[in-house]
Every structure is written in structure tokens, then in C-alpha cells.
Amino acid sequence: ADNKNDLASFHKDVNGCKTCHTAPNKVSDSETFENKQCKSCHGDYGKLANPKLDIDPHSSHLGDINCTSCHKGHEQPKLYCNECHSFKGLDMPFNKAKSKEPWDKGWDNEAINKAIAAGPKETTDVIVVGAGSAGFNAAIAAKKAGANVILLDKAPFSGGNSMLAAGGYNAVGTVQQKDHKVDDKIEWYVEDTMKGGRYANDPKLVQILAEQSADGIKWLESLGANMDDLKRSGGARVDRTHRPSGGLSVGPHIIDVLRKASDKEGVDTRLNSKVVKLVVDDEQKIVGVVIHGKHSGHYMVAAKSVVLATGGYGFNKEMIAFYRPTFKGMTSSNNITSTGDGIELAKAVGASMTDIDWIQTHPTVGKDSRILISETVRGVGAIMVNKEGNRFINELTTRDKASDAILKQPEQYAWLVFDNELYKKAKMVQGYDHLEMLEKANTVAELAKITGMTPSVLDKTITNYNHYFKQGKDEAFNREQMPLSIEKSPYYAVKVAPGIHHTMGGVAIDTKAEVLDIQSQPLKGLFAAGEVTGGVHGYNRLGGNAVADTVIFGKIAGTNAAKHALNT
Ligand code: MEZ
């Protein structure tokens, strides 16, 4: 190779091909050996992270991913950070990252048919497609139930969209709620979720979500997670959103825990491995999948059970424009992996879809960015004002209502406003500051000036809010909870607008997470969990219910997939 910046050019004078490879043509799709080599010479990310850098890709929230995710062997490097971030004033390397991904290429039907005709190269019990939270939970549960499991992800790193989850996990009846003296009930969780979803949810699935939520927390803790912080999310009547203590984002934490747990269980995880076909027999029973591996090409693996855990389609511009033309071109808070592949795979074997066109916008995505400003910021105490400085909605209402309200404001954006006490309390806010997303001022008048709001209007809004805080009643919008006043300088504001966040609709499932066909009969051997499915959230998902969904239904899908594979 003679491409500047690729690993081969860089290493060819060290020890030739042997520096990185064990033997020619023996590179696994996950590039496991090669990455071990990188780390054995250069050290791990802890060693590589440079404390002098303001923003360092080696200490990113993607965690301990393969070096070759960004540094390619025989191609130009690609810095995945640039897919979501544009760091103001910082010249990040490899800025041309926004190229097409290998998985964006169309399906090669000839190669797929050849792989099927050649027959399976391997056999396993359960194949899990997609290594985000739902996939990892399914894989670990299937393995614990005694099955052999292969977990596949098309990306060079695991984590999927779950890796970006900031808020938390909704659960009722936990030790944490007891410790915080929160009175909650399974019925309330069900009612809040149904109301938030405009009663379009499948009540049986919601009942399971609520009933098994506390067990899901215990399960995560048994794998090594910390879920000790508690806060309220929009649409919930009490504090039931569980988060890692210390204000960390939930996604990176649980993905780190799940990666380690699944390695420990012996799950065979393969990256750079896209499932391009579900293979069924004459009776529509699952018999395996065709995989397109980065190095191994197309090959078939036989399995009696397949779990689809591929996530939603929030980053697939064509699907968004098709299902919701009014959202065409809107920014997305989703990972680049959320391209709706599972929906296409399932449709091709006759799966039925539920509420496929219901797409959630999150009200507070950083304006003109892809960075989610978590609902936690409002949950912990921020208010939301329009371009003049007026509040216009209960900040803790559901996302559909908050997004609609912003889109009715002048210029269709809003500001979240808070003070130094919130800044100190919510660690993620310090992260937004680090990304240069916050405006900061010593006085309210100065904050109004730098954000273009009207100083007297913002001042009145904050004075009134502080009064409501003191009297414990929000006379303007009936906000149920006001944990903080806004009076400790410096003051902060972050500009936000709605962005695509979650696709509620997807593959239809029953209470065993079996995928249903158009006659509502289970497709034998096909299971699904997480955002690829429809039915749990109705027309609108509540904050904190996605992570719960991935863990609870991931476990159910994995356990039932194992049972099916081992007993048929
Ligand atoms: O569940 C979510 O999507 C969530 C809590 C997001 C967030 O605002 O942090």
C-alpha cells in the first residue's frame, strides 16, 4: 500500500506485513489479532489519551473500540467522531470522514444466492443481529440459557444507537426508588407509558415492560452496572429514570458493562459483519443467515434461532422521508448505524410491521448539530424559553408535545436556560460545555444580550420561575417538578431544536419477542427486541423507556431464542 496515513504504509518499514498480521489472507472480520498488535505496541486508550488535548478521540464515549475502526489498514483513516460532532474552533484530523459506509452499499443478490447454494460454513444455536444494548442482552441471556451464540454487527465497533443513550432506564419497585422514598406502582408505569404513547401501545408488551423493569436493573447490576441515580423524565409522574451515579450518560456505561459481560460469557462477537439475508425453509422456518464479512465475503451460518436487534431507522434519510415526508431533511440524534436493516430483513421473510410510520422527534437536539441535549437537563431543573425569552410549555411534558411547541415558536428553536448549580450537578452539561455548545454570562441581562433574547423578558421569566419554585407551584405551565431555582451565577443557555430521535414502529412481536407474520402467527425461529420492533411505545416513547425496552425484551428474546434452538 502507498496511501498516506493508512496503517500499511506507516508500518511497512517496521517489520513488513508481520507487524500487524499473523499470516496473509487470515484477517478475521473483527480484525482481532491486528488490534491486539496495535495495543501491544502502542498501549491501550488509557495510555494513548493525551491529557493536553481539549478533545481527544482516544478518550471518547465510544469506549474501548478497535483501533482499526478509525485507523484503516489499507485505506485512508476515518474519524467516527466527525460523524456527529463538529468541534467549533478545533481542527479534528481526517475531516473527510462522512463518506459512504460499506454497509450503505446495495445488497449483492448474486453473492447472497451463491452463499446459500454453497450451504452453511458453520452451525450455531442462536444468531443475534446487532450489538447494541438489545443485542448484547439477548446474546448474554441466550448464552446463559445454554445456547451457542454468534453476535454480529455491521459496524467496526459495537454499541449501536444505545451507545448514545444519555438519559436512563425507567423502572418501578427498585431498591433505588425505595432509598429515595419514591412511591411508585406498576400500574402507574403502565398508565404513564400508555398515555405517552397515546394509547396506541400494545398493553401486553407495556405490562411486561413495567413488571420486569426492576429485574432488568438487578440483571444489569449483576453484570457490573451502576444505576443508582434517580430522576424524572417527561411524561412520568414520579422519579423512575435510573442512571449511573455521578451524572454519567447511561449508554456508554451499560455498553461497556455489556461488552465485558458478553466476552466473559464466551459470546462469539463478530464486527464488520452485516447480515444480508434471513434464510428460511419451505415452511418459512428460520434456518440461518447470510453474512457479508469485511474480509470473508458472503457466507452462510446455519441456526435455528435468529434475534433481530438492529435498532431503528432514525439515520436512514430515505426511510424517514418515505414514512414521514414532513420530517424529510431533519437532523438526527441517532448513530450512523441506525439504518433500519432489520426492518428490511424481516419484511423479506413476511414479517408484519406495527406503527411503522411513527417517528419521534426529540425536542432538544443542539441547534444545527446532531448532539442530543438530554432530557436530564430539564429533569434536573432547566427551563425552556423562546427567542424572546418567554417560557412557552411545561418543560417536562412528553416529547411530541414539546417538539410541536418549539416548531410553533418564532424561527422554530428554543433555549434551555439554567444556572451554575445545575451546571455543577449534571456532569453531562459540563460535557456540552466542553463541546463549546453553551453560552455563559455572569448576569441574566448579559445572557439575554449574547443570545439575542430581550433582557427584560428573560429577567421576568426567571423572576417568575423562581417565585413558582419557592411557592412549589408553577402557575404558568403546571410543571410538576421544579428541583432548582435559577439564581446562582454564572447563567447558561444552550440553543436547541427538534431532531429525529426514535422510530417507534417496526417489526411486530408477541410477548415472547417472537416476530409475527401478517396473519399474526409467529415466524418460527425469528425473534426481535429493541428499536427494530413496534408496539411497546405506541405513537410516542417516554424518555427512559428505550433502554428499559432493550434490556427487558433483549433478555426475553435471547432466552426464548435459546429455548427454541435447543428444543426443536
Ligand atoms: O430515553 C431517551 O431517549 C432519553 C432519556 C433521552 C434523553 O433526553 O436523554
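Residues numbered from 1 in each chain as written. Predicted model: local features only at pLDDT ≥ 70, side-chain atom pairs only at ≥ 80, totals over all residues. Heavy atoms only, no water.

Chemist: Teacher, can you tell me more about the overall build of the protein chain here?
Modeler: Summing up its helical and strand segments, the protein chain has 19 helices and 21 strands in all. What you see for the protein chain is a C-alpha radius of gyration of 24 Å, in line with the 24 Å of a compact globule of 568 residues. Judged by the C-alpha coordinates and their principal axes, the protein chain covers about 75 × 60 × 45 Å. Buried positions account for 59% of the 568 residues belonging to the protein chain. Intrachain contacts of the protein chain at a sequence separation of at least 6 include 71% that bridge at least 24 residues. (Helix = DSSP H or I, 4+ residues; strand = E, 2+ residues; numbered from the N terminus. Rg over C-alpha atoms; globule rule 2.2 N^0.38 Å. Buried < 20%, exposed > 50% of the residue type's maximum accessible area, 1.4 Å probe, protein only. Contact = heavy atoms within 4.5 Å.)

Chemist: How should the pairing of strand β20 (residues 522-528) be read in this particular structure?
Modeler: A large share of β20 lies buried, amounting to five of its seven residues. One ladder, built from three bridges, connects strand β11 (residues 305-308) with β20; its direction is parallel. Directly across from valine 306, in β20, lies its bridge partner leucine 526. Of the strand pairs in this sheet, strand β19 (residues 514-516) and β20 are connected by two bridges, and their pairing is antiparallel. Among the inter-strand pairings, leucine 516 is bridged to a residue of β20, identified as proline 522. (Pairing = 2+ DSSP bridges.)

Chemist: What's the story with the sheet that holds strand β21 (residues 533-534) in this structure? I'm lost.
Modeler: Two strands in a sheet stick together by hydrogen bonds in their backbones, pointing the same way (parallel) or opposite ways (antiparallel). If you walk across this open sheet you meet the three strands as β12-β18-β21, and the pairing is mixed. For this open sheet the edge positions go to β12 (353-354) and β21, each flanked by a neighbour on one side alone. By the bridge criterion, two bridges tie β12 to strand β18 (residues 506-508) in an arrangement that is antiparallel. Looking across to β18, one finds that methionine 353 is bridged to valine 507. Helix α12 (residues 341-348) contacts β12 and β18 of the sheet and is inclined by roughly 40° relative to β18. (Axes fitted to C-alpha atoms, helices over the stretch in contact; angles between N-to-C directions.)

Chemist: Could you clarify how one ought to interpret unusual backbone geometry in this entry?
Modeler: When glycine is set aside, most residues are seen to have a negative phi, and most peptide bonds are trans. Serine 489 connects to proline 490 through a cis peptide bond whose omega is -5°. With respect to the helices, strands and loops of the structure, proline 490 is situated in the loop between α18 (455-471) and β17 (491-503). Notably, glutamate 436 is not glycine yet its phi reads approximately 60°, a positive angle. You can see glutamate 436 is positioned in the loop between α16 (427-434) and β16 (439-441). Unlike most non-glycine residues, serine 520 shows phi in positive territory, near 60°. Within the element layout of this structure, serine 520 appears in the loop between β19 and β20.

Chemist: Even after reading the chapter, I still don't get the packing of aromatic side chains, so can you show me in this structure?
Modeler: Both the distance between ring centres and the angle between the ring planes are used here to describe each pair of aromatic rings. Under the criterion given, the structure shown has seven aromatic pairs. Geometrically, the ring pair formed by tyrosine 80 and phenylalanine 157 is edge-to-face, given 5.0 Å between the ring centres and 80° between the ring planes. With tyrosine 80 in the loop between α3 (45-48) and α4 (109-118) and phenylalanine 157 in the loop between β3 (149-152) and β4 (169-170), the pair connects residues that are 77 residues apart, well separated along the chain. There is no split in this pair, since tyrosine 80 and phenylalanine 157 are both buried. Measuring from centroid to centroid gives 5.0 Å for phenylalanine 322 and tyrosine 323, while their planes differ by 75°, and the two rings are edge-to-face. Here phenylalanine 322 falls in the exposed class, since its relative accessible area comes to 63%. The buried category is assigned to tyrosine 323, whose relative accessible area is 15%. (Phe/Tyr/Trp six-rings, centres within 6.5 Å; stacked < 30°, edge-to-face > 60°.)

Chemist: What's the story with the pattern of salt bridges in this structure? I'm lost.
Modeler: Between side chains of opposite charge, a pair can form when the charged atoms approach closely. Applying the stated criterion across every chain yields a total of 26 salt bridges. With a closest N to O distance of 2.7 Å, lysine 39 and aspartate 64 form a salt bridge. One end of the pair, lysine 39, is in helix α2 (residues 32-42); the other, aspartate 64, is in the loop between α3 and α4, with 25 residues separating them in the sequence. Look at lysine 39 and you get partly exposed, because its relative accessible area is 24%. Taking the shortest distance from any N to any O, the salt bridge between lysine 154 and aspartate 341 comes out at 2.7 Å. You can see lysine 154 sitting in the loop between β3 and β4 and its partner aspartate 341 sitting in helix α12, a full 187 residues away along the chain. (Salt bridge = Lys/Arg side-chain N within 4 Å of Asp/Glu carboxyl O.)

Chemist: Looking at this structure, how should I read the nonpolar core?
Modeler: Most often, soluble globular proteins have nonpolar side chains that are buried together. Judged by nonpolar contacts, the single largest core of 136 residues is most densely connected at Tyr169, Leu278, Val377 and Phe553. Top element by residues in this core is helix α19 (residues 545-567). It accounts for ten residues. (Core = buried A, V, L, I, M, F, W, Y, C linked by side-chain atoms within 4.5 Å.)

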